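Letter by letter, the chains look like this.
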Amino acid sequence: MSDDLLTDAFTAVHHGAADGVWAAPGRVNLIGEHTDYNDGFVLPIALPHTARAAVRRREDGVLRLHSAQAGGGVVELAVDALAPGSVDGWAKYPAGVVWALREAGHPVGGADIHLDSDVPTGAGLSSSAALECVTALAFNDLWSLGLGPVDLGLLAQRAENVFVGVPCGAMDQLASTCCEADRAMFLDTRTLTARQLPVDLAAAGLRLLVIDTQVKHDLADGAYAERRAGCEKAAALLGLPALRDLALPELEAALATLPDDGLRALTRHVVTENARVEAAVEAMAGGDPAALGPILTAGHASLRDDFLVSCAETDLVVVEALAAGALGARMTGGGFGGSVIALVAEQDSDRVADAVTAAFAAAGLTAPRIFPALAAQGARRLA
Ligand code: GLA
């Protein structure tokens, strides 16, 4: 949708003109899954798909929220009354950011907001982080807060953790605020230092496909919190601040000291996954993106067999994509459905997509949504 259509839609809902238009993207993570809440490494790219917001400041402390995707008209909230758990549905994401900004002492007030997003929802592509980050950026500009992309991403994460109540790490929000076009962001989630690595898959004759299974299993939220608690318990038993502090050469000895009740497998995933991120960075920095393939596939096996967050549909995509010639494939995001990424040679791209689609049809599943992932720019002002 063009900026004009967005501002026209704003005017139709809120009357008068918006003060500006902002965009924040969804993301796919190349590798480094369930590492962010273990102080580890991640390697996301921002997608061209964005949440966009046309916003106008209000001086009366009222937040009037409208979404092109949700039916039901304007949601009206008093900023003074915002509290964790007080807002349901899509409105909790923008409202949570306003709450987090105010809680952090930033003097923001109300606003008229019209949101429109083409980030697929429930697909593990961070559609809610995009809504949060676009709100954070718009408020940062409209109230001249002077916050940078890392601070805005962390505030959006706080909104998600406390206001929405999801104990996520910082990857999704920081990817949305900090990623750069044509780059993958190698982020150390402990120090919050990032290295922006050029990704030019096309120059290497490669393509990254996102294959959205269109499946989201209900247990996702509870299972995420359980995995996180398990990782924290394992780190505590090992006497470490976080599993990030366990180095690969020490892994086997450390595992032997843990109870064999699932904590060993969680620990093995996190430690080997951090090593896979470092290997992926080396492959990319060394100009050999095809070498990412086996790293992705190993990551999937670890998420499936050790971290236990895959599911039949994502496993099916990985098996079929590899059988049809993909160089590597894995689930991306939190798991229990959502999307798979597959690294393919350009000439094999259609064959892989067709094979996965045919396998889904044969299994009686809704056709997956498949599109190439291009590394796009993080959150920005459009107008
Ligand atoms: C979800 C969370 C992220 C991260 C991933 C798994 O997307 O929001 O913080 O933990 O799962 O890597």
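Up top you'll find the structure we're talking about.
Residues numbered from 1 in each chain as written. Predicted model: local features only at pLDDT ≥ 70, side-chain atom pairs only at ≥ 80, totals over all residues. Heavy atoms only, no water.

A word on the sheet that holds strand E3 (residues 44–57). Here we have six strands laid out as an open sheet, ordered E5-E4-E6-E3-E1-E13, and mixed in their pairing. The open sheet has two free edges, formed respectively by strand E5 (75–78) and strand E13 (380–381), since each of these has just one partner strand. With four bridges connecting them, strand E4 (residues 62–67) and E5 associate as antiparallel partners. Residue pairing for E5: leucine 63 is matched across the bridge by leucine 77. Packing of helix H1 (residues 3–14) onto the sheet brings it into contact with strand E1 (20–29), E3, E4 and strand E6 (111–117), and relative to E6 it is tilted by some 135 degrees. Sheet contacts for helix H3 (residues 127–142): E1, E3, E4, E6 and E13; angle to E1, the most-contacted strand, approximately 145 degrees. (Pairing = 2+ DSSP bridges. Helix = DSSP H or I, 4+ residues; strand = E, 2+ residues; numbered from the N terminus. Contact = heavy atoms within 4.5 Å. Axes fitted to C-alpha atoms, helices over the stretch in contact; angles between N-to-C directions.)

This part takes up the site of the ligand. Neighbouring the ligand are Arg27, Glu33, His34, Asp36, Tyr37, Cys168, Gly169, Met171, Asp172, Tyr224, Gly333 and Gly334. Between histidine 34 and the ligand, the recorded distance is 2.6 Å, taken from a backbone N or O atom to an oxygen atom. Within the contact set of the ligand, an oxygen atom lies 2.5 Å away from a side-chain nitrogen or oxygen of tyrosine 224. Expressed as a share of its isolated accessible area of 310 Å², the protein-covered part of the ligand is 91%. Among the detected pockets, the ligand sits in the largest pocket. (Near = heavy atom within 4 Å. Polar contact = N/O pair within 3.5 Å; in protein donor to acceptor, adjacent residues only side chain to side chain. Areas by Shrake-Rupley, 256 points an atom, 1.4 Å probe, with all protein chains shown as cover. 1 Å grid on protein atoms, 1.4 Å probe; cavity = no way out; pocket = protein on both sides within 12 Å on 5 of 7 lines; lining within 4 Å. Sits in = over half its atoms within 2 Å of the grid points.)

Two elements in contact, helix H2 (residues 92–103) and helix H4 (residues 149–164), have axes whose closest approach is 8 Å; the angle formed by their N-to-C orientations is 110 degrees. Classified by the interaxial angle, the pair formed by H2 and H4 is roughly perpendicular. From H2, Lys92, Tyr93, Ala95, Gly96, Val97, Trp99, Ala100, Leu101 and Glu103 reach across to H4, where they touch Leu155, Ala156, Arg158, Ala159, Glu160, Val162, Phe163 and Val164. The class makeup of the residues in the contact of H2 with H4 is 12 nonpolar, one polar and four charged. (Parallel < 35°, antiparallel > 145°, perpendicular 65-115°, else oblique. Nonpolar A, V, L, I, M, F, W, Y, C, P; charged D, E, K, R; others polar.)

Moving on: the packing of aromatic side chains. To describe a pair of aromatic rings, you give the distance between the ring centres and the angle between the ring planes. Summed over the entire model, instances satisfying the criterion amount to four aromatic pairs. Taken together, a centroid distance of 4.8 Å and an interplanar angle of 25 degrees make the contact between phenylalanine 139 and tryptophan 143 stacked. Both residues of the pair, phenylalanine 139 and tryptophan 143, count as buried. (Phe/Tyr/Trp six-rings, centres within 6.5 Å; stacked < 30°, edge-to-face > 60°. Buried < 20%, exposed > 50% of the residue type's maximum accessible area, 1.4 Å probe, protein only.)

Soluble globular proteins tend to bury their nonpolar side chains together. Counting residues in each nonpolar core, the largest one holds 72 residues, and the members touching the most others are Leu43, Leu63, Leu82 and Phe139. With nine residues, the single largest contributor to this core is H3. Core analysis: the next-biggest nonpolar cluster, separate from the first, contains 24 residues, Tyr37, Tyr224, Leu251 and Leu255 among them. (Core = buried A, V, L, I, M, F, W, Y, C linked by side-chain atoms within 4.5 Å.)

With that out of the way, let us pick up the sheet that holds strand E7 (residues 183–188). A sheet is described by the order of its strands in space; here three strands give the open sequence E2-E7-E8, paired in antiparallel fashion. The strands lining the two open edges of the sheet, one partner per strand, are strand E2 (41–42) and strand E8 (193–198). Sheet analysis places E2 next to E7, joined by two bridges and oriented antiparallel. Each residue of the ladder has a partner; that of phenylalanine 41, found in E7, is aspartate 188. Helix H5 (residues 171–178) contacts E2, E7 and E8 of the sheet and is inclined by roughly 135 degrees relative to E7. Against the sheet, helix H8 (residues 263–285) makes contact with E2, E7 and E8, and its axis sits at roughly 40 degrees relative to E8, the strand it touches most.

Turning our attention to the side chain of threonine 35. In this fold, threonine 35 is placed in the loop between E1 and E2. A relative accessible area of 0% places threonine 35 in the buried class. Within the local environment of threonine 35, its side chain forms a polar contact with the backbone oxygen of glycine 32, the two atoms lying 3.1 Å apart. Within polar-contact distance, the side chain of threonine 35 engages the backbone oxygen of phenylalanine 41 at 2.7 Å. Residue contacts for threonine 35: discarding those within four places in its chain leaves Gly40, Phe41, Val42, Thr189, Val270, Glu273 and Asn274.

Counted according to the given criterion, the structure contains 22 salt bridges. A salt bridge links aspartate 60 to arginine 58, with the shortest nitrogen-to-oxygen separation between them at 2.6 Å. With relative accessibility at 46%, the residue aspartate 60 sits in the partly exposed group. The partner of arginine 158 in a salt bridge is glutamate 103, and the shortest N-O contact between them spans 2.7 Å. Here arginine 158 is found in helix H4, whereas its partner glutamate 103 is found in helix H2, with 55 residues between them in sequence. (Salt bridge = Lys/Arg side-chain N within 4 Å of Asp/Glu carboxyl O.)

It is worth spelling out helix H11 (residues 349–362) at this point. Given a rise of 1.5 Å per residue, 14 residues ought to cover 20 Å, and the 20 Å separating the end C-alpha atoms of H11 matches this to within 8%. Taken together, the buried positions of H11 are occupied by Ser349, Val352, Ala353, Val356, Ala359 and Phe360. The arc that holds every buried residue of H11, seen down its axis, measures 130 degrees, which confines them to one face. Exposed and oriented more than 90 degrees from the buried face of H11 are Asp350, Asp354, Ala361 and Ala362. Elements that come into contact with the buried residues of H11 comprise strand E9 (206–216), helix H10 (312–323), strand E11 (337–345) and strand E12 (369–372). A positive backbone phi angle near 75 degrees is found at glycine 364, which sits one or two residues after H11. (Expected span 1.5 Å × (residues − 1). Arc of directions from axis to C-beta.)

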